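Observations on chain architecture
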Amino acid sequence: MEQATMLALSVVTPSGSNIAAGRKTIEVRSWKPEQLPLRNLLIIENNRFLNHELLFDPHGKAVALVDVEEIHEWQPNQVEAACSSGWQPGYWAWKLTNVRSVTAKVDVPAKLGIYEVDLDEALLSGATT
């Protein structure tokens, strides 16, 4: 089995499922990555909100691959695209494109920030648009 190192981003449920289904096209964050584009970013869905006190959740699932080519200040008219309950200033909108759902729900630990994971490429080969 061929291992691939990929970049991953964890999101709290149901955000990952909403991304995989195409309902959530904006990910809202208080920070932005140092470099763009981010291609084939693996979205990991977990049940616990991670913060500086809880840095890790071993129970994440790979749910989608996305590309992030644009990040801008989050706008009030993007609440629906972010599947959010409300808008607040000072956040960044990550535009998610080329969304591919991962059909085999692979166990991947969730961590803060963008992080690297090593996965068997065959597990993600079934990713569909």
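This text follows the structure it describes.
A brief structural summary.

What counts and what doesn't
Residues numbered from 1 in each chain as written. Predicted model: local features only at pLDDT ≥ 70, side-chain atom pairs only at ≥ 80, totals over all residues. Heavy atoms only, no water. Helix = DSSP H or I, 4+ residues; strand = E, 2+ residues; numbered from the N terminus. Buried < 20%, exposed > 50% of the residue type's maximum accessible area, 1.4 Å probe, protein only. Polar contact = N/O pair within 3.5 Å; in protein donor to acceptor, adjacent residues only side chain to side chain. Contact = heavy atoms within 4.5 Å.

Overview of unusual backbone geometry
- Here the bond from T13 into P14 is cis, since omega is 10°, no more than 30 degrees from zero.
- For P14, the position within the fold is in the loop between β1 (3-12) and α1 (15-20).
- That bond from L36 to P37 is cis: its omega, 0°, falls within 30 degrees of zero.
- With respect to the element layout, P37 can be found in the loop between β2 (26-29) and β3 (38-46).
- The phi angle at N40 is positive, at roughly 55°, despite the residue not being glycine.

A word on the side chain of D67
- The topology assignment puts D67 in strand β5 (residues 61-73).
- Taking relative accessible area as the criterion, D67 reaches 7% and is therefore assigned buried.
- At 2.9 Å, the side chain of D67 and the backbone nitrogen of N40 are in polar contact.
- A polar contact is formed between the side chain of D67 and the side chain of R100, at a distance of 3.3 Å.
- Every residue in contact with D67, bar those within four places of it in the chain, is listed here: L38, R39, N40, K95, L96, T97, N98 and R100.

As far as function goes, none of this settles anything; it's purely spatial.
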